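# Fold and geometry: a report
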Amino acid sequence: MNWQPFEVPTLGQGWYGTPAVDVLNARGDHVVDLRVTGHRILPGKKGLPGLPCVYTEEAGEAWSLEVDLADSLTGLGVTMQYSVFEKTGAVARSMRVTNAGQEPLTLRGAFPASVPIWGSDYDVLHLKGAWARERTLVRTPLGQGRYEIGSQRGASGHEENPFIALCGKETCENSGEVWGISFVYSGSFLAGASTDNAGNARLYMGLNPQVFSWHLEPGESFQTPETVLVHSSQGLNGMSRIYHELYRTRLARGAWRDRPRPVLINNWEGTYFDFDEDKLFQIAREGKELGIELFVMDDGWFGQRNSDNCSLGDWKANPDKLPRGLSGLSERIHGLGMLFGIWMEPEMISPDSDLYRAHPDWCLHVEGRERTEERNQLILDLSRKEVRVFITEAVSSVLRESRADYLKWDMNRNMTEYFSPALPPERRMETQHRYMLGLYEVMDEITRSFPQVLFESCSGGGGRFDPGLLYYMPQAWTSDNTDAVSRLWIQYGTSLVYPPSAMGAHVSAVPNHQCHRTTTMKMRGDVALCGGGFGFELDVTSLTEEEKQQARSVIARAKELRSLVHQGTFYRLLSPQGARYAAWQFLRENEALLCVYRILSEPSLPPLRVRMTGLDPDAVYRDETGKLYSGAVLMYMGFSVGISGDFGSCVMRFEKV
Ligand code: DGJ
């Protein structure tokens with residue numbers, strides 16, 4: 001039985017792998033025998049109540065299938081929900097678990113995707129990382145066992161992204177088969193690839209059973225978050241193209257979804273906590289002169305916050321730094337003809353805060369145990385209604401008072417003691433998921449109430465860069481590591497699943513604050529302009545005249561290219577793996593943008609030729625120096641790139657003539 005290609009494997013009747021549904025019944029066993037009882041085929045795709053999900057806009061974009069299954073002995077019901085997108089073949093897949101019996105049930109495992117794949121001679125792909133080193137592509141043989149990744153952190157996390165894939169041994173960027181699963185969820189998850197004793201593979205993705213269970217009284221049901229399955233026989237780029245298009249146009253929402261984003265300047269690395277209104281105004285004024293359009297005030301503007309040890313939750317401007325309040329600064333910035341943006345970390349509470357002194361029970365905790373602090377802070381319990389009301393009101397009043405055009409929503413620690421004392425004991429293991437549902441409710445309400453605001457999510461850099469949050473906020477801070485070379489790895493890996501339009505990418509000072517490396521302004525600019533959320537993050541008032549001139553040209557270049565970066569089809573060309581070069585390309589109708597980066601130079605090597613992709617081989621293309629090439633030459637012989645020295649770059653636009 002264990003080798004059967006079950007669609008919804010369960011335990012107790014001959015299946016010994018990871019079950020798609022694991023339910024403990026009132027008799028104390030977890031045998032589940034699901035039989036099909038009905039099905040429906042429906043046009044389009046339904047939303048998932050309270051959860052982020054991909055959507056359709058026009059009739060015919062997708063078709064949906066719902067299959068009902070039931071276990072007659074316990075009354076357990078499972079409805080499998082599939083939606084197939086016509087153009088790309090991407091499949092959104094989730095499930096609803098219902099207790100139609102007379103006794104309570106406990107859902108202990110819920111894997112909306114569990115997919116048998118013929119054969120097992122595959123590689124596993126996933127995105128591994130750490131703080132400042134997010135989403136490095138890992139490719140490793142599947143072997144004859146089980147390969148699992150996941151998070152128990154209460155966030156998707158820096159360490160693993162909610163994505164896993166299998167690909168053929170010969171699969172490369174542009175050819176070969178790949179099967180990917182991505183989870184539209186921002187909390188703890190478990191994903192795996194396994195082989196059975198008949199030599200076939202299975203991919204699965206779902207809620208992490210270590211930190212999840214759900215109590216179902218008779219009549220209650222549970223909706224899982226959604227997974228998105230993509231198959232491509234056109235290599236890893238083929239898979240990424242499908243995810244990019246779906247996530248850019250049918251997951252992200254709102255007024256900013258299709259609009260190229262304003263060039264911003266954020267004061268974090270420029271000042272950290274040490275600023276006042278005048279200092280910020282000077283940075284903004286100088287930034288405006290360089291061509292920057294949006295000024296963002298980062299952490300440190302509220303309560304008594306001069307370091308990271310207090311005041312989270314006290315969302316009132318510090319009068320010592322901002323004597324005329326949020327509105328005073330915002331008016332001055334708007335007066336420059338710039339947009340104004342602000343930072344908040346709404347899910348957090350500092351033990352040293354007025355909020356904590358008033359509501360010490362509002363954080364996640366276990367009564368009688370120490371409350372583990374990280375970065376001197378605790379996490380608000382978003383499973384509680386009164387906490388959600390507080391956060392919604394706090395964020396809304398900051399946005400109203402500051403008339404902000406942009407909000408950076410940060411989250412800087414993972415969960416410990418992840419239980420809500422407000423829940424009865426049999427429901428405490430629900431806390432992590434209830435927290436995520438609470439977060440989604442709050443984000444939905446705020447983003448709908450302020451439709452013109454551009455929201456960027458952030459989590460100690462890219463610790464929650466996932467499809468769940470992209471539904472609410474169309475861009476995310478990719479990493480706290482702003483070094484141009486590190487960013488090649490990070491943006492390359494991130495692009496496996498996520499479109500460049502979603503990536504926040506900034507030019508920062510040198511030596512870089514995270515890596516201490518010095519790269520040219522041009523290289524830093526050429527890397528950052530490939531992110532849809534392009535900006536600067538340094539004290540521009542301290543730049544020399546020469547540096548200001550360089551900054552002006554980087555900014556002008558980013559503006560010139562931003563709509564192509566936002567809407568163009570992205571192709572990875574050369575992986576930074578060998579530490580010598582990296583290259584990628586954007587393509588839209590009659591234009592292409594080739595981006596090549598030289599990491600370390602070496603003597604006695606011929607000039608690099610980078611082969612472009614997706615062009616019309618019979619057409620003629622003109623580069624920015626006026627030279628003409630046939631598409632066939634650019635694709636099959638390649639464009640010759642002359643970059644000398646370490647840390648060089650070449651960003652070249654081609655137009656079809
Ligand atoms: C972590 C973020 O990633 C940084 O950009 C910055 O906003 C800090 N938090 C502020 O505390």
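The rules behind the values
- Residues numbered from 1 in each chain as written.
- Predicted model: local features only at pLDDT ≥ 70, side-chain atom pairs only at ≥ 80, totals over all residues.
- Heavy atoms only, no water.
- Helix = DSSP H or I, 4+ residues; strand = E, 2+ residues; numbered from the N terminus.
- Pairing = 2+ DSSP bridges.
- Axes fitted to C-alpha atoms, helices over the stretch in contact; angles between N-to-C directions.
- Contact = heavy atoms within 4.5 Å.
- Core = buried A, V, L, I, M, F, W, Y, C linked by side-chain atoms within 4.5 Å.
- Buried < 20%, exposed > 50% of the residue type's maximum accessible area, 1.4 Å probe, protein only.
- Polar contact = N/O pair within 3.5 Å; in protein donor to acceptor, adjacent residues only side chain to side chain.
- Near = heavy atom within 4 Å.
- Areas by Shrake-Rupley, 256 points an atom, 1.4 Å probe, with all protein chains shown as cover.
- Nonpolar A, V, L, I, M, F, W, Y, C, P; charged D, E, K, R; others polar.
- Domains from an automatic or database assignment.
- Buried area = accessible area lost by both parts, 1.4 Å probe.
- Salt bridge = Lys/Arg side-chain N within 4 Å of Asp/Glu carboxyl O.
- Patch = residues over 30% accessible without salt bridge, like charges linked within 9 Å, V, L, I, M, F, W, Y side chains within 5 Å.
- Expected span 1.5 Å × (residues − 1).
- Phe/Tyr/Trp six-rings, centres within 6.5 Å; stacked < 30°, edge-to-face > 60°.
- Lys NZ or Arg CZ within 6 Å of the ring centre and 35° of its normal.

## Concerning unusual backbone geometry
Along the chain, Val 510 connects to Pro 511 via a cis peptide bond; the corresponding omega equals -10°. Even without a glycine there, the phi angle at Glu 589 is positive, about 40°. By the secondary structure assignment, Glu 589 is in the loop between β29 (581–588) and β30 (591–598). The backbone phi angle of Ser 604 is positive, close to 60°, even though this residue is not glycine.

## As for the sheet that holds strand β35 (residues 648–656)
Here six strands make up an open sheet; going across it, the order is β28-β29-β30-β35-β32-β33 and the pairing antiparallel. The open sheet has two edge strands, β28 (569–574) and β33 (628–630), and neither has a second partner. Sheet twist, expressed as the mean angle between neighbouring strand axes with direction ignored, is 25°. Note: β30 against β35, eight bridges, orientation antiparallel. Its bridge partner lying in β35, Tyr 597 is registered against Ser 649. Sitting on the sheet, helix α9 (residues 484–494) touches β28, β29 and β30, and the angle it makes with β29 is about 45°.

## Observations regarding the nonpolar core
In terms of nonpolar packing, the biggest core is built from 171 residues, with Met 297, Trp 301 and Phe 536 touching the most fellow members. Leaving out residues up to four positions away in the same chain, Phe 536 has contacts with Leu 264, Ile 265, Asn 266, Ile 292, His 506, Val 507, Met 521, Ala 551, Val 554 and Ile 555. With 23 residues, the next largest nonpolar core counts Ala 583, Tyr 621, Leu 634 and Ile 643 among its residues.

## Some thoughts on the environment of Gly 44
Looking at the secondary structure, you find Gly 44 in the loop between β2 (35–43) and β3 (62–71). Between the C-alpha atoms of Gly 44 and Asp 381, which are 337 residues apart in sequence, the distance is 36 Å. Leaving out residues up to four positions away in the same chain, Gly 44 has contacts with Thr 56, Ala 62, Trp 63, Ser 64 and Ser 83.

## A closer look at the side chain of Asp 68
By the element assignment, Asp 68 lies in strand β3. Side-chain polar atoms of Asp 68 contact the side chain of Thr 79, separated by 2.9 Å. If near-sequence neighbours (up to four positions away) are discounted, Asp 68 is found in contact with Arg 35, Val 36, Thr 37, Gly 38, Arg 40, Val 78 and Thr 79.

## What to know about the site of the ligand
Among the 13 residues in the neighbourhood of the ligand, the closest are listed as Asp 298, Asp 299, Lys 408, Asp 410 and Asp 480. Within the side chain of Asp 410, one N or O atom sits 2.7 Å away from a nitrogen atom of the ligand. Relative to its unbound accessible surface of 300 Å², the ligand loses 98% to contact with the protein. Partitioned by chemical class, the residues of the shell around the ligand number four nonpolar, three polar and six charged.

## Here's the deal with the sheet that holds strand β14 (residues 201–207)
A sheet is described by the order of its strands in space; here four strands give the open sequence β7-β14-β13-β10, paired in antiparallel fashion. Lying at the two open borders of the sheet, with one neighbouring strand each, are β7 (113–117) and β10 (146–151). This sheet shows a mean twist of 10° between the axes of neighbouring strands, independent of strand direction.

## A closer look at the domain arrangement of the chain
For the chain, the assigned domains are domain 1 (21–250), domain 2 (264–361 + 368–411 + 435–568) and domain 3 (573–656). Distance between the C-alpha centres of domain 1 and domain 2: 31 Å. Domain 1 puts 36 residues into the contact, and the matching count from domain 2 is 36 residues. The contact between domain 1 and domain 2 buries some 2800 Å² in all, and 60% of this surface belongs to carbon and sulfur atoms. Applying the counting criterion to the domain 1 and domain 2 interface returns zero salt bridges. Where the side of domain 1 that touches domain 2 is concerned, the elements lending two or more residues are β9 (136–141), β12 (178–184) and α1 (235–249). When residues of the side of domain 1 that touches domain 2 are assigned to their parent elements, the largest contribution, seven residues, is made by α1. Among the residues forming the side of domain 1 that touches domain 2, the class breakdown is 19 nonpolar, twelve polar and five charged.

## Some words on the environment of Asn 309
You can see Asn 309 is positioned in the loop between β19 (294–297) and α4 (325–335). When the C-alpha atoms of Asn 309 and Met 348 are compared, they prove to be 12 Å apart, with 39 residues separating the residues in sequence. Not counting residues within four places of it along the chain, the set of residues in contact with Asn 309 comprises Asp 352 and Asn 376.

## Let's talk about the side chain of Asn 237
Tracing the sequence through the fold places Asn 237 in helix α1. Residue classification places Asn 237 among the buried residues on the basis of a relative accessible area of 0%. The contacts of Asn 237, once residues within four sequence positions are left out, are Glu 173, Asn 174, Phe 570, Tyr 571 and Arg 572.

## Focus: the pairing of β28
Here β28 runs beside β29; their pairing, made up of five bridges, is antiparallel. Its bridge partner being in β29, Phe 570 is matched across the sheet by Phe 586. The loop that links β28 with its antiparallel partner β29 comprises six residues; one of these, Ala 579, has a positive phi angle of about 65°.

## Regarding a nonpolar patch on the surface
Together, Val 620, Leu 628 and Val 657 make up an exposed nonpolar region whose accessible area comes to about 260 Å². For Leu 628, a relative accessible area of 54% translates into the label exposed.

## Focus on the packing of helix α3 (residues 277–290) against helix α11 (residues 545–567)
Packing of α3 against α11 leaves a shortest axis separation of 9 Å and a crossing angle of 65°. Of the residues in α11, those touching α3 at Glu 286, Glu 289 and Leu 290 are Lys 548, Ala 551, Arg 552 and Ile 555. Classifying every residue of the contact of α3 with α11 gives three nonpolar, no polar and four charged.

## Let's talk about α3
Over its 14 residues, α3 runs 20 Å from end to end, which matches the ideal 20 Å to within 8%, given 1.5 Å per residue. Those residues of α3 that sit buried are Glu 277, Leu 280, Phe 281, Ile 283, Ala 284, Glu 286, Gly 287 and Leu 290. At its buried positions, α3 is contacted by β18 (264–266), α2 (268–271), β19, α4 and α11. Residue Gly 291 follows α3 closely and has a positive phi angle near 115°.

## Quick word on the pattern of salt bridges
Taken as a whole and judged by the stated rule, the model has 52 salt bridges. Put simply, Asp 123 and Lys 169 hold a salt bridge, and the shortest N to O gap is 2.7 Å. Residue Asp 123 is found in strand β8 (residues 122–128), and its partner Lys 169 is found in the loop between β11 (163–168) and β12; the two are separated by 46 residues along the sequence. When its relative accessible area of 9% is taken as the criterion, Asp 123 is described as buried. Look at Lys 169 and you get partly exposed, because its relative accessible area is 38%.

## Examining the packing of aromatic side chains
Per the counting criterion, the structure on display carries 30 aromatic pairs. With centroids separated by 4.9 Å and ring planes inclined at 80°, the aromatic side chains of Trp 268 and Tyr 272 adopt a geometry described as edge-to-face. The buried category is assigned to Trp 268, whose relative accessible area is 17%. Geometrically, the ring pair formed by Tyr 629 and Phe 639 is edge-to-face, given 5.8 Å between the ring centres and 70° between the ring planes. Highlighted residues: Tyr 629 in strand β33 and Phe 639 in strand β34 (residues 639–641), separated in sequence by ten residues. Take Tyr 629: its relative accessible area is 16%, and that puts it in the buried class. Among the aromatic residues, ring-to-ring pairing joins Phe 163, Tyr 243, Tyr 247, Phe 465 and Tyr 498 into one connected group. In this arrangement the basic side chain of Arg 253 is found over the ring face of Tyr 471, its NZ or CZ atom lying 3.7 Å from the centre. When the ring centre of Phe 275 is taken as reference, the NZ or CZ atom of Lys 321 above it lies at 4.7 Å.

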